[in-house]
Amino acid sequence: MQYAIELYYDKETEKKLFALAQKVADEKLSTKFLEWKTRPHLTLACFNDVDEAKCTELLKEFADDHKVMPAYIGSVGMFNDTKTIFVSPMMNKSMYQFHGELHTALKDFDSVGWEWYWPDRWVPHCTIALTNEDADEVFYKASDLILHEFKKMAGEFTAIGLTKITFPVKEICTIELCR
């Protein structure tokens with residue numbers, strides 16, 4: 001089974017990001033992202049298999065040592081190969097440090113094949129639309145829509161979570177960061 005560690009936004013920011021994804025569905029372009037039934041998030045790491053109890057305990061310890069962080073979302077991007085449309089946070093040294101420390105804490109889990117989430121390779125992003133299974137023009141129409149609808153936003157990263165990568169996604173645990 002495959003797992004992901006996700007970084008979650010505060011509720012207000014989450015609502016704004018979800019509204020962007022909903023707009024793509026409302027315009028009858030693509031519903032695939034919504035079908036995954038996942039919250040807006042940044043994926044911090046992926047693993048081929050984990051001991052869920054051990055991983056949950058490690059995440060609790062990690063969260064106890066890390067504070068809520070500001071989240072400034074300032075750009076729209078795309079992965080052309082997977083026809084994924086996303087928004088990206090403005091990154092800073094503390095965010096990269098947080099990411100690196102998480103990977104160190106979870107180093108015993110198998111991340112082979114998930115190298116694009118490793119430190120120094122990571123492209124932090126929050127998916128808004130998945131159009132790979134749709135007709136080619138949907139990617140361009142959804143991109144145009146998001147480019148027109150997106151407004152820079154500020155919020156917070158408030159929690160980390162362990163999810164099982166299934167369809168739909170299954171949240172195993174969510175742990176609040178310190179205030």
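Here, every reference points to the structure presented above.
Here is a short report on the structure shown in this document.

Cut-offs used in this document
- Residues numbered from 1 in each chain as written.
- Predicted model: local features only at pLDDT ≥ 70, side-chain atom pairs only at ≥ 80, totals over all residues.
- Heavy atoms only, no water.
- Helix = DSSP H or I, 4+ residues; strand = E, 2+ residues; numbered from the N terminus.
- Rg over C-alpha atoms; globule rule 2.2 N^0.38 Å.
- Buried < 20%, exposed > 50% of the residue type's maximum accessible area, 1.4 Å probe, protein only.
- Contact = heavy atoms within 4.5 Å.
- Areas by Shrake-Rupley, 256 points an atom, 1.4 Å probe, with all protein chains shown as cover.
- Lys, Arg positive; Asp, Glu negative; His and termini not counted.
- Charge placed at Lys NZ, Arg CZ, Asp CG, Glu CD.
- Pairing = 2+ DSSP bridges.
- Phe/Tyr/Trp six-rings, centres within 6.5 Å; stacked < 30°, edge-to-face > 60°.
- Lys NZ or Arg CZ within 6 Å of the ring centre and 35° of its normal.
- Salt bridge = Lys/Arg side-chain N within 4 Å of Asp/Glu carboxyl O.
- Polar contact = N/O pair within 3.5 Å; in protein donor to acceptor, adjacent residues only side chain to side chain.
- Core = buried A, V, L, I, M, F, W, Y, C linked by side-chain atoms within 4.5 Å.

Comments concerning the overall build of the protein
Broken down by element type, the protein carries five helices and seven strands. Relative to the compact-globule value of 16 Å for 179 residues, the protein shows a C-alpha radius of gyration of 16 Å, a close match. Taken along the three principal axes of its C-alpha coordinates, the protein extends 45 × 35 × 25 Å. Considering the protein as a whole, with its 179 residues, one finds that 50% of them fall into the buried category. Sequence separation of 24 or more characterises 80% of the internal contacts of the protein that already satisfy a separation of 6 or more. Per element, the accessible surface of the protein, about 9,300 Å² overall, is 52% carbon and sulfur. Charge centroids of the protein, computed over 21 positive and 29 negative side chains, lie 4 Å from each other.

Considerations on the pairing of strand β2 (residues 41-47)
Within β2, seven of the seven residues are buried, which leaves the element mostly enclosed by the surrounding structure. Pairing between strand β1 (residues 3-9) and β2: six bridges, direction antiparallel. In the sheet register, I5 faces β2, and the bridge partner there is A45.

Points about the pairing of strand β5 (residues 126-130)
Most of β5 is tucked away, with four of its five residues classed as buried. Examined bridge by bridge, strand β4 (residues 84-89) and β5 share four bridges and lie antiparallel to one another. Within β5, the position partnered with T84 by the bridge is L130.

A few points about the packing of aromatic side chains
Using the criterion set out here, one finds 10 aromatic pairs in the structure. With a centroid separation of 5.8 Å and 65 degrees between ring planes, the pair formed by F47 and F109 is classed as edge-to-face. Of the two residues, F47 sits in strand β2 while F109 sits in the loop between α4 (93-105) and β5, which places them 62 residues apart along the sequence. Overall, the relative accessible area of 11% leaves F109 in the buried class. Look at F79 and F86: their rings are 4.5 Å apart centre to centre, the planes differ by 40 degrees, and that puts the pair in the tilted class. Members of the aromatic cluster, each reached through a chain of ring pairs, are W114, W116 and Y117. One cation-aromatic arrangement involves R39 over Y8; the distance from NZ or CZ to the ring centre is 3.9 Å.

Details of the pattern of salt bridges
With the rule as written, the count across this model stands at eight salt bridges. Its salt-bridge partner being K32, residue E133 comes within 3.3 Å of it at the nearest N-O pair. Note that E133 is positioned in the loop between β5 and α5 (136-149) and K32 in helix α2 (residues 32-35), a separation of 101 residues in sequence. A relative accessible area of 64% places E133 in the exposed class.

Here's the deal with the side chain of D10
Position of D10 relative to the elements: it lies in the loop between β1 and α1 (11-26). Despite being buried, D10 has no salt bridge partner; K16 is the closest side chain of opposite charge, sitting 7.3 Å away. Within the local environment of D10, its side chain forms a polar contact with the backbone nitrogen of E12, the two atoms lying 3.2 Å apart. In terms of polar contacts, D10 uses its side chain to reach the backbone amide nitrogen of E156, at 2.7 Å.

Brief notes about the environment of F62
Among the structural elements, F62 can be located in helix α3 (residues 52-64). Taking the relative accessible area as the measure of exposure, F62 reaches 5% and is therefore buried. A C-alpha to C-alpha distance of 21 Å links F62 and I165, two positions 103 residues apart in sequence. Once residues within four sequence positions are removed from consideration, F62 is found in contact with F98, E101, L102, A105 and I160.

Considering the nonpolar core
Within the largest apolar cluster, 53 residues are counted, with the highest numbers of intra-cluster contacts made by I5, L7, L59 and I160. Once you skip the residues sitting within four places of it in the chain, I160 turns out to touch E6, L7, Y8, L44, L59, F62, A63, F98, C173, T174, I175 and L177.

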